Amino acid sequence: MAQAGDNSKTALVQELNGLLADHLALYFKTKNFHWHVTGPRFRDLHLLFDEQAVEIRDQIDAIGERVRKLGEVTLTSIGSVARATQVKDQDATDLDGEAMVKELHADNVAMIKRLKDMKDLADKAGDNATDGLIDDWTDMAEERAWFLKSTLG
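Rules and cut-offs
- Residues numbered from 1 in each chain as written.
- Predicted model: local features only at pLDDT ≥ 70, side-chain atom pairs only at ≥ 80, totals over all residues.
- Heavy atoms only, no water.
- Helix = DSSP H or I, 4+ residues; strand = E, 2+ residues; numbered from the N terminus.
- Buried < 20%, exposed > 50% of the residue type's maximum accessible area, 1.4 Å probe, protein only.
- Contact = heavy atoms within 4.5 Å.
- Phe/Tyr/Trp six-rings, centres within 6.5 Å; stacked < 30°, edge-to-face > 60°.
- Core = buried A, V, L, I, M, F, W, Y, C linked by side-chain atoms within 4.5 Å.

(A) Inspection of the environment of Val67 at higher detail. By secondary structure assignment, the location of Val67 is in helix H2 (residues 42-69). Using a relative accessible area of 0% as the deciding quantity, one classes Val67 as buried. Along the sequence, Val67 and Asn128 sit 61 residues apart, while their C-alpha atoms lie 14 Å from each other. For Val67, the contacting residues outside a window of four places in its chain are Val13, Leu16, Asn17, Glu72, Val73 and Thr74.

As structure tokens, this is what we get:
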């Protein structure tokens, strides 16, 4: 682990909290689309969005607990999530299914970039456990992005 006075752990924890915020925001957006999708592809997209939301939800606790295992504090409120996330809000309930898929795809691609950028932070902090988790989380985000892109044709 990083030495006292070394900012590498602080930078890693800050990014982990950003990743936590992204997962919370993306979970809610994916559920929003699950609830509001309509049209000829309703059933397929409704089920896909729900499946992806569950996967994202299940990662939330692991990310928060990783921050705590590092001896730091996590996000504490909706406001703290809003300040830390890179995921843009989507309040529209009348988007067509294709627009929803495109937006979720872009969000997942951005999350993949964030995750890949975190690898260097984990390495600098000497945090092998977080490094390994980042690989797993990256793989899951890449699969979500692949599924979403594949539905676009």
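The discussion continues.
(B) Structural context of the packing of aromatic side chains. Applying the stated rule across the entire model yields three aromatic pairs. Between the aromatic rings of Phe28 and Trp35, the centroid separation amounts to 6.3 Å while the plane-to-plane angle is 85°, which identifies the pairing as edge-to-face. Judged by its relative accessible area of 55%, Phe28 falls in the exposed class. Their ring planes at 90° and their centres at 5.1 Å tell us that Trp146 and Phe147 sit as a pair that is edge-to-face.

(C) Region of interest: the nonpolar core. By size, the foremost hydrophobic cluster in this structure holds 36 residues, and its most contacted members are Leu12, Leu16, Leu19, Phe49, Leu115, Met118 and Trp137. Residue assignment for this core shows that the elements contributing at least two residues are helix H1 (8-36), H2, helix H4 (97-124) and helix H5 (128-151). Those residues in contact with Met118 that lie beyond four places of it in its chain are Leu12, Glu15, Leu16, Leu19 and Ile134.

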